[in-house]
Amino acid sequence: MTLLTTSVVLSLVWFATVNLLVSAGVWVVARGLHTRDVQLRPGSLLLLRLAPASAAVVFVGTVFLPAHWLFESPGTPEAFGFILLTLTATTIALAMRALIRAVLAVVQSTYLRRSLQSRPMSTVNHGRDAEALEEVNGLNGLSLAGIISTKILVGTTARQALTDAELEVAIAHEQAHRRAWDNLKKFVVFCTPDVLGLTEGGRRLERAWNAATECQADAQAVAGDPARAVNLASALVKVARLVDTSSGRHVGSIVWSTFHQPGLLETRVRRLVGGASAPGAVRLPIVSLVASSMAVTLAVLWLANVPHDIYRLTEALIRLLP
Amino acid sequence: MLKGLRPVNWLRGSRDPLHAALGRLEREVMDVVWAGREQAVRDVQTRLPRPVAYTTVMTTLDRLYKKGLVIRRREGRAFVYTAIYSQDEMAASLTSNLLEGLLASGSAAARPFLSNLVDAVSAEDKELLDELERLVRDKREQLRNGPR
């Protein structure tokens, strides 16, 4: 077996192993979460949700593979047992699932985007995102459509039902999603190859993250102004009624942000009316913190010669596991 | 026996008929009432899992009283409330009422009923929307009048 073949197979094995271990840890944390836990920052929840796949990729890419290439002698005969082959198959299955979900999400989003007859909406001044506004006939509510290149779709019925102030703050909510790249994040979460996504704990975490992103977008749209908060709450209730009673289309992709989400309506309106939607004062640079701590951890691991231990552990597992 | 309950919506994601037959706040209030013995409005309000106005809790308890789900007696100036049926008794009653009605009506008569259930899946809880609209209106009014 060539070094390349063993590298690929053992990388898949380690990906599945780390993925399973981190998924189990996150699953324990996620069991206590609820969509009412909107005080949690969306960044932290997203980090937790993506932790299993990210940790697996980082471990394989920065610890296992370099160690394997460094310490493994080319041409060493290797034979993999049932457990290692099962772990390899698990990673392949997760990757296939992720790929299929990615293709489905892209196809669905593209098809929906093309099927909606929209026209630019330019009668109201909406700042730098004005070019991203489109009005759609017969569409209920508002949506942020697309994955990378996004447009804010405003249904004609919603435009007619909302006052100018309500419409402005509702659009500001979608603009907040757009600036935060929330559709792209939804896409990544939807397609991430991990075991956590197959569990109720993982789905609970996704719901909590979704609730937190909605509340954060509300807070950014409102910008601490009670009058804007009431207008946004009013817009939410009006759009909810529209979706209930109107015969218009209620379209949306799994990776689009939608203004009206029935499960979150009450929480959001109560937060807005109760003044709990003010943006947090402290914004931690979560990504930078995680990246730096990861870099420090990796440096420590290499200095402590842990990759060599991982290599020896791998060799032992190949010999010992059935 | 049980008056004024919403049609049981089995397709709303819950297997609990009580969850489907009562409004969300009604269900939460009933959960609190079931958890204790006699409780005043203030007791129920403080034990709810989310902040709800005192008057909203009072109205909800009054509605549950009119539906025949709780009894009340005056204690001093306030009412104290107790559940008439246990949680299991009420769930069993709702389930059997629904099934008896459906089976007795025959397949043709059951079709519109089932169709309504499906329609109701996408329908927002009107009662909840009314309550939220009232909240928004009150807050708007409060802002208009300035801080008291």
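Residues numbered from 1 in each chain as written. Chains lettered and ligands numbered in written order. Predicted model: local features only at pLDDT ≥ 70, side-chain atom pairs only at ≥ 80, totals over all residues.

Q: Where do I start with the overall build of chain A in this structure?
A: For chain A, the helix and strand inventory stands at 11 helices and 5 strands. Burial status across chain A gives 43% buried among its 322 residues. Considering only residue pairs separated by 6 or more positions, chain A has 80% of its internal contacts joining residues 24 or more positions apart. (Helix = DSSP H or I, 4+ residues; strand = E, 2+ residues; numbered from the N terminus. Buried ≥ 20, exposed ≤ 12 C-beta atoms within 10 Å, placed from the backbone. Contact = placed C-beta atoms within 7 Å.)

Q: Help me understand the overall build of chain B, please; the structure alone is not making it clear to me.
A: Of the regular secondary structure elements, chain B holds 7 helices and 3 strands. What you see in chain B, going N to C, is helices and strands ordered as α-α-β-α-α-β-β-α-α-α. In chain B, which comprises 148 residues, the share counted as buried stands at 22%. For chain B, long-range pairs separated by at least 24 residues make up 54% of all intrachain contacts whose partners lie at least 6 apart in sequence.

Q: I tried to follow helix 3 (residues 82–115) of chain A on my own but got confused; where do I start?
A: Residues spaced three or four apart along an α-helix face the same direction, because each turn holds 3.6 residues. Residues and elements named next belong to chain A. In this model helix 3 runs 48 Å from its N-terminal to its C-terminal C-alpha over 34 residues, within 8% of the 50 Å that 1.5 Å per residue would give. Residues of helix 3 that are buried include every one of Leu84, Leu87, Thr91, Leu94, Ala105 and Ser109, and no others. Here the buried face of helix 3 lies against helix 1 (3–30), helix 6 (182–191) and helix 11 (306–320). (Expected span 1.5 Å × (residues − 1).)

Q: Can you walk me through the nonpolar core in this structure?
A: Among soluble globular proteins, nonpolar side chains are generally buried collectively. Ranked by internal contacts, the top residues of the largest apolar core, which has 81 residues, are Val154, Ala170, Leu232, Ala233, Leu236 and Val269 of chain A. Beyond its immediate chain neighbours, meaning those up to four positions away, Leu236 of chain A contacts His260, Leu265, Arg268 and Val269 of chain A. With 15 residues, the next largest nonpolar core counts Leu25, Val33, Val41 and Leu69 of chain B among its residues. (Core = buried A, V, L, I, M, F, W, Y, C linked by C-beta atoms within 7 Å.)

Q: Can you walk me through helix 4 (residues 54–66) of chain B in this structure?
A: All names here are of chain B. The end-to-end C-alpha separation of helix 4 is 18 Å, in line with the 18 Å expected for 13 residues at 1.5 Å each. Among all positions of helix 4, only Val57, Thr60, Leu61 and Leu64 are buried. Taken around the axis of helix 4, the buried residues stretch over an arc of 100°, which confines them to a single face. Opposite its buried face, helix 4 presents the exposed residues Thr55 and Lys66, each directed more than 90 degrees away. Residues of helix 4 that are buried sit in contact with helix 2 (24–35), helix 3 (41–47), strand 2 (70–75) and strand 3 (78–83). Gly68 sits one or two residues past helix 4 and shows a positive phi near 80°. (Arc of directions from axis to C-beta.)

Q: What is the right way to read the environment of Thr314 of chain A from this model?
A: Looking at where Thr314 of chain A falls in the secondary structure, it is placed in helix 11. Residues Thr314 of chain A and Phe64 of chain A, spaced 250 residues apart in sequence, show a C-alpha to C-alpha distance of 9.1 Å.

Q: Help me understand the sheet that holds strand 3 of chain B in this model?
A: To summarise the sheet geometry, strands pair through backbone hydrogen bonds and adopt either a parallel or an antiparallel arrangement. Residues and elements named next belong to chain B. The 3 strands lie next to each other as 1-3-2, forming an open sheet whose pairing is antiparallel. The sheet terminates laterally at strand 1 (39–40) and strand 2, the two strands that pair on one side only. Bridge analysis of strand 2 against strand 3 gives 6 bridges, and the strand direction is antiparallel. Directly across from Arg72, in strand 3, lies its bridge partner Tyr81. Sheet contacts for helix 2: strand 1, strand 2 and strand 3; angle to strand 3, the most-contacted strand, approximately 85°. (Pairing = 2+ DSSP bridges. Axes fitted to C-alpha atoms, helices over the stretch in contact; angles between N-to-C directions.)

Q: Looking at this structure, how should I read the sheet that holds strand 3 (residues 142–145) of chain A?
A: Read from one edge to the other, the open sheet built from 5 strands follows the order 1-2-4-3-5 (chain A), with strand pairing classed as mixed. Single-partner strands in this sheet number two, and they are strand 1 (118–120) and strand 5 (257–258) of chain A.

Q: It is not clear to me how the confidence of the model for chain A should be interpreted in this structure. Could you clarify?
A: The predicted structure's coordinates, where accompanied by low pLDDT, should not be read in detail. Taken as a whole, chain A shows an average pLDDT of 83; of its residues, 87% reach a score of 70 or greater. Within chain A, the element-level pLDDT minimum falls on strand 1 of chain A, averaging 71, and the maximum on helix 6 of chain A, averaging 93. (pLDDT = per-residue confidence, 0-100.)

Q: When you look at the pairing of strand 4 (residues 151–155) of chain A in this model, what are you seeing that I'm missing?
A: Within a regular strand, the side chains alternate between the two sheet faces. All names here are of chain A. The element strand 4 is extensively covered by neighbouring structure, given that 5 of its 5 residues are classed as buried. Side chains Lys151, Leu153 and Gly155 of strand 4 all project onto a buried face; the interleaved residues Ile152 and Val154 project onto the opposite face, where all are buried too. Here strand 2 (residues 133–136) runs beside strand 4; their pairing, made up of 4 bridges, is parallel. Within strand 4, the position partnered with Glu135 by the bridge is Val154. Two strands pair when backbone bridges link them, and strand 3 and strand 4 are joined in this way by 4 bridges, in the antiparallel orientation. Of the residues in strand 4, the one forming a bridge with Leu144 is Ile152.

Q: Explain the packing of helix 1 of chain A against helix 3 of chain A here, please?
A: When two helices pack together, you describe them by how their axes are tilted relative to each other and by the distance separating the axes. Residues and elements named next belong to chain A. Packing of helix 1 against helix 3 leaves a shortest axis separation of 8 Å and a crossing angle of 75°. Judged on the interaxial angle alone, helix 3 and helix 1 are roughly perpendicular. When helix 1 is examined against helix 3, the residues Val9, Leu12, Val13, Phe15, Ala16 and Thr17 are found in contact with a partner set consisting of Leu84, Leu87, Thr88, Thr90, Thr91 and Ile92. (Parallel < 35°, antiparallel > 145°, perpendicular 65-115°, else oblique.)

Q: Explain the confidence of the model for chain B here, please?
A: All names here are of chain B. Averaged over every residue, the pLDDT of chain B is 73; residues scoring 70 or more account for 61%. Of all the helices and strands in chain B, helix 6 (residues 106–121) carries the lowest mean pLDDT, 52, while strand 1 carries the highest, 89. Counting contacts from residues 7–15, a segment whose pLDDT is below 50, to residues more than four positions away or on other chains yields 17 contacts. ipTM for the predicted complex: 0.72, alongside a pTM of 0.68.

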